[in-house]
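Coordinate inspection notes
These are the residues of each chain, in order.
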Amino acid sequence: GTGFFKANVSPLLADQNEDTRMRVEVRNGERVIVDPAVTNTRVFLYFYLAINIGSVCGQIAMVYVEKYHSFWLAFFIPTIFFLVAPIVLALNKKKYKLKPPTGSVLSKFLRMFFYVRKRSSFFSFNWEHAKPSQIPVDQRPAWMTYDDAWVDEMGIAFTPIKRMTTGFIISALAMVASAVMQHFIYEKSPCGKYANTAGCEPADINVWAQCLPYILIGLGEIFANVTSYEYAYSKAPDNMKSLVMSVNLFMSAFASAIGQAFTPLSGDPLLVWNYVVVAVIAFVGGVAFWFNFKHLDAEEDKWNMLKASEYKGTYQPNALENKISEEHEEPAAPRDIEKM
């Protein structure tokens with residue numbers, strides 16, 4: 001029920017706002033800016049405020065109904081409200097601004113997603129491949145009935161800073177999974193929190209259950225490490241790529257040094273705390289990384305379109321001009337030496 005209701009009621013509320021462009025209006029003698037985005041924000045804030053008010057009222061009231069009357073009445077009253085809600089929606093249907101259904105958009109999106117996936121590189125999506133205008137009519141799949149604008153709305157630029165931030169978060173989740181797994185190892189081990197003691201029987205946990213941390217850390221490295229290499233290489237001048245890449249890799253040395261500080265936690269019975277601490281550091285680091293460098297995502301196209309430098313190899317474009325300037329430079333006038 002929740003899946004059908006919440007997935008549709010929120011868009012229904014937002015659809016009531018038909019403003020699509022920001023404009024200036026005069027209200028009560030004052031010029032005000034009408035922003036559709038801000039309006040939608042207020043709509044959702046009030047919507048979730050109503051949800052919380054209903055939750056608080058229901059939980060408090062039904063506790064007293066159960067205490068002073070019975071359980072069946074505590075469940076029956078909310079049921080009445082749930083049954084009345086569809087009737088209210090049906091009676092007011094003509095007052096709502098409704099948009100016609102377009103069929104299964106999910107299936108169309110998944111087809112478009114895999115269509116683009118096959119024609120893009122592993123680390124980036126080129127949504128241009130999914131635009132109908134880029135494909136001859138006789139070669140278009142039957143499901144490609146949308147227009148280019150829909151592709152533009154669906155395609156989210158998964159820029160480098162976003163990918164590296166995602167890598168931080170996935171790595172943090174990997175450490176959370178490791179902490180949970182280690183907790184259950186301690187719980188099921190006959191030696192308790194000293195599961196690594198010599199002669200102790202292993203915990204009865206399927207080895208496949210232990211794959212999740214390794215899978216997550218692998219994904220985290222793909223998003224964070226590989227993207228950092230790509231970013232360091234693509235943004236550096238041609239004659240500094242090796243230097244910038246070296247600085248990027250040098251950061252791994254700092255990470256290893258920091259990791260050595262947690263060596264005392266790398267043994268029983270503190271292994272759970274070891275993973276928890278690393279998870280917190282990875283999460284905080286990811287959040288800090290995003291807030292410090294998110295502005296670079298907005299400038300991604302600008303940095304990619306920078307003019308290439310002519311300073312390459314042994315060619316120094318300004319060397320000759322500097323030499324000529326020095327040869328024609330007038331000697332400095334001698335200074336008067338004050339007599340002591």
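Residues numbered from 1 in each chain as written. Predicted model: local features only at pLDDT ≥ 70, side-chain atom pairs only at ≥ 80, totals over all residues. Heavy atoms only, no water.

**Considering the overall build of the protein**
Secondary structure summary: the protein contains eleven helices and two strands in total. Of the regular secondary structure in the protein, the N- to C-terminal order runs α-β-β-α-α-α-α-α-α-α-α-α-α. Relative to its 340 residues, the protein shows a buried fraction of 21%. At a minimum sequence separation of 6, the contacts of the protein that also span at least 24 residues come to 55%. (Helix = DSSP H or I, 4+ residues; strand = E, 2+ residues; numbered from the N terminus. Buried < 20%, exposed > 50% of the residue type's maximum accessible area, 1.4 Å probe, protein only. Contact = heavy atoms within 4.5 Å.)

**Side note on the packing of aromatic side chains**
The tally for this structure, following the rule as stated, stands at five aromatic pairs. Relative to Phe76, the ring of Trp72 lies with its centre 6.2 Å away and its plane at 50°, an arrangement referred to as tilted. A residue pair is termed a helical-turn pair when its members lie 3 or 4 positions apart in one helix, as Trp72 and Phe76 do in helix H3 (residues 71–91) at four residues. Measuring from ring centre to ring centre gives 5.4 Å for Phe113 and Phe114, while their planes differ by 85°; the resulting arrangement is edge-to-face. (Phe/Tyr/Trp six-rings, centres within 6.5 Å; stacked < 30°, edge-to-face > 60°.)

**What about the nonpolar core?**
Of all hydrophobic cores here, the largest spans eleven residues; its members are Met112, Tyr115, Val116, Trp127, Ala130, Ile135, Trp143, Met144, Tyr146, Trp150 and Val151. For this core, the elements supplying multiple residues, two or more each, are helix H4 (105–118) and helix H5 (148–154). The element best represented in this core is H4, accounting for three residues. (Core = buried A, V, L, I, M, F, W, Y, C linked by side-chain atoms within 4.5 Å.)

**Regarding the pattern of salt bridges**
On inspection of all chains with the given rule, the structure shows three salt bridges. Its salt-bridge partner being Lys131, residue Glu128 comes within 3.0 Å of it at the nearest N-O pair. By relative accessible area, which is 11% here, Lys131 ends up buried. Connected via shared salt-bridge partners are Arg23, Glu25 and Arg27. (Salt bridge = Lys/Arg side-chain N within 4 Å of Asp/Glu carboxyl O.)

**Overview of the environment of Phe283**
Along the chain, Phe283 falls in helix H9 (residues 271–298). Overall, the relative accessible area of 44% leaves Phe283 in the partly exposed class. Separated by 116 residues in the primary sequence, Phe283 and Gly167 place their C-alpha atoms 9.9 Å from one another. Excluding residues that lie within four positions of it along the chain, Phe283 makes contacts with Ile169 and Ala172.

**Focus on the pairing of strand S1 (residues 23–27)**
As defined by bridge partners, S1 adjoins strand S2 (residues 30–34) across five bridges and the pair is classed as antiparallel. Bridge pairing in S2 links Arg27 to Glu30. (Pairing = 2+ DSSP bridges.)

**Some remarks on H9**
Between its first and last C-alpha atoms H9 spans 40 Å; for 28 residues at 1.5 Å apiece the expected length is 40 Å, and the two agree. At Asn292, H9 is deflected by roughly 50°, the largest bend along its length. Taken together, the buried positions of H9 are Leu271, Asn274, Ala279, Ala282, Gly286, Phe289, Leu296 and Asp297. (Expected span 1.5 Å × (residues − 1). Bend = angle between axes of the 7 residues up to and from the residue.)

**Brief notes about unusual backbone geometry**
A positive phi angle, near 55°, is found at Asn28, a position not held by glycine. Assignment of secondary structure puts Asn28 in the loop between S1 and S2.

**Points about the packing of helix H6 (residues 160–188) against H9**
Packing of H6 against H9 leaves a shortest axis separation of 8 Å and a crossing angle of 170°. Taken together, the axes of H6 and H9 lie roughly antiparallel to each other. (Axes fitted to C-alpha atoms, helices over the stretch in contact; angles between N-to-C directions. Parallel < 35°, antiparallel > 145°, perpendicular 65-115°, else oblique.)

**Focus: the side chain of Thr165**
Along the chain, the position of Thr165 falls in helix H6. In contact with Thr165, not counting residues within four places along its chain, are Gly286, Phe289 and Trp290.

**Remarks on the UniProt feature "transmembrane region" (unreviewed entry) in the protein**
With numbering aligned to this structure, UniProt lists the feature "transmembrane region" (unreviewed entry) at residues 43–65, 71–91, 164–185, 205–226, 247–266 and 272–293. End-to-end, the C-alpha atoms of residues 43–65 are 32 Å apart, and along that stretch the chain is 100% helix and 0% strand. The distance separating the terminal C-alpha atoms of residues 272–293 is 32 Å; by composition the span is 100% helix and 0% strand. (UniProt positions renumbered as here; feature names shortened; annotations may be inferred.)

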